[in-house]
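# Inside the fold
So the chains spell out like this:
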Amino acid sequence: MTKTLPVSRYPKVTVVGAGNVGATTALLLLMKELANVVLIDVAEGLARGKALDLMHMRSNEHFGPTVVGTGSYEDTADSDIVVVTAGVPRKPGMTREDLAGINASIVHSVLKGALAESPNALYLFVTNPLDVMTNLAVQLAGLPPQRLIGMGGVLDTARFTYAISEATGAAPRDIKALVIGAHGEAMVPLVSLATVAGRPLLELITPGQLAQITEATVQGGAAVVKLLETGSAFYAPASSIVQMVKALLEGSATLHSSCVRLNGEYGISGVSLCVPVLLGSEGVREIIELPLSPEEGEQLHASAESTKAQLERLLQEG
Ligand code: APR
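As a convention, each chain's residues are numbered from 1 in the sequence order in which they are written. Reporting of local features is limited, given that this is a predicted model, to residues whose pLDDT is at least 70; pairs of side-chain atoms are given and counted only at 80 or more, and all residues count toward the totals for whole chains, interfaces and linings. Working from all heavy atoms in the structure, the side-chain values ignore hydrogens and water.

Salt bridges are defined by distance alone: a side-chain nitrogen of Lys or Arg within 4 Å of a carboxyl oxygen of Asp or Glu. This structure, assessed with the given rule, holds three salt bridges. Between Arg48 and Glu44 there is a salt bridge, with the nearest N and O atoms lying 3.6 Å from each other. In this pair, Arg48 and Glu44 both sit in helix 2 (residues 44–61), four residues apart, roughly one turn of the helix. Think of it in three bands: with a 1.4 Å probe and only protein chains considered, a residue is buried below 20% of the maximum accessible area for its type, exposed above 50%, and partly exposed in between. The exposure class of Glu44 is partly exposed, given its relative accessible area of 38%. Only DSSP runs of H or I covering at least 4 residues are called helices, and only runs of E covering at least 2 are called strands; the numbering of each starts at the N terminus.

If you want it as structure tokens, here you go:
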């Protein structure tokens, strides 16, 4: 009698990089029962050890999906989504842009390995500087750009929401806010559109509070780096990845600020930048153009120019 293997009811998500962000992403994907996970790292023992630890945890938590750790891209074959977290994190005093050279060569080699095994996957980039890496991937991968997306705006939005919540006392779920633009100093918190329990944020706070909220949002990642001393944030980044993976797998009517290729939207073309997006199984389902204030529009254009300039510098350096 021939035995047929059971068909898994879970999608397959590969997480490249089994460090802080990658392993926390795997943990959340499993606990939320969103996908079977393949954790891959150049440090194969790290990936295999963390996967084994998570499978031990499964005995207590009884989540359905499974995780394997590996150093070989063959094990990632036919993934539905590949999340790229491989790379070097920031140290105190560094900007995300300082990581560009070293992380570009890592992203290059990851793409080569992953694309050969999963040419039909959606790719979600997390490695910093996020916008530059996503733009680089669009140039290198030869895939339709709607399948190459960067995670940055969801994380910046989480930090913006936290800062608004601290200033107003409102619960995060009552705050509607978005941060767009580059995932760095040039990010654009959309203060003109933010609401707290349905009321415009700008009617509830003083100019001084607004300046503090903006500063806490833009410097949120740096504040974590400064406190940790030995690495950068990973809980909120992993949670932001998982929000996006869920939306990509299931389709979502919620706007996710995602780094995607613009084709005239917001008057910008030929660059990937975080803007409000509806995500689904095809990747980018729709880019939503919100009415920005003139100042926010200018900031978004400045974000686009700074990302383009960084990419050009990186490509010239070779
Ligand atoms: N292929 C696979 N894994 C790699 C490669 C590679 N070519 N190069 C490095 N790695 C792995 C490292 O071995 C390490 O385990 O990437 C992992 C990175 O983990 P951490 O050092 O813990 O960094 P982390 O905090 O997870 O951040 C990863 O995400 O948020 C960004 O700025 C952050 O770029 C950084 C990335």
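Our next topic: the state of the cysteines. Where two cysteines share a covalent bond between their sulfur atoms, that bond is called a disulfide. The disulfide criterion is simple: two cysteine sulfur atoms within 2.5 Å. Across all of its chains, the model carries zero disulfides by this definition. Distance from the sulfur of Cys259, which forms no disulfide, to the nearest cysteine sulfur (Cys274) is 4.8 Å.

This brings us to unusual backbone geometry. That bond from Asn128 to Pro129 is cis: its omega, -5°, falls within 30 degrees of zero. Inspection of the secondary structure assignment puts Pro129 in the loop between strand 5 (122–125) and helix 4 (130–141). The backbone phi angle of Asp78 is positive, close to 60°, even though this residue is not glycine. Along the chain, the position of Asp78 falls in the loop between strand 3 (67–70) and strand 4 (81–84). If you check the backbone angles, Ala197 has positive phi at about 50° while not being a glycine. In this structure, Ala197 sits in the loop between strand 10 (195–196) and strand 11 (199–200).

Let us now look at the domain arrangement of the protein chain. When cut into domains, the protein chain gives domain 1 (8–152) and domain 2 (153–317). Either an automatic procedure or a domain database provided the assignment from which the domain bounds are taken. For domain 1 versus domain 2, the distance between C-alpha centres works out to 21 Å. Any two residues whose heavy atoms approach within 4.5 Å at even a single point are treated as in contact. Taken together, the contact pairs 43 residues of domain 1 with 48 residues of domain 2. Accessible area that two parts lose when put together, with a 1.4 Å probe and added across both, is what the buried area reports. In total, domain 1 and domain 2 occlude about 3700 Å² of area from one another, counting both sides; carbon and sulfur atoms represent 72% of this. Applying the counting rule to domain 1 against domain 2 returns zero salt bridges.

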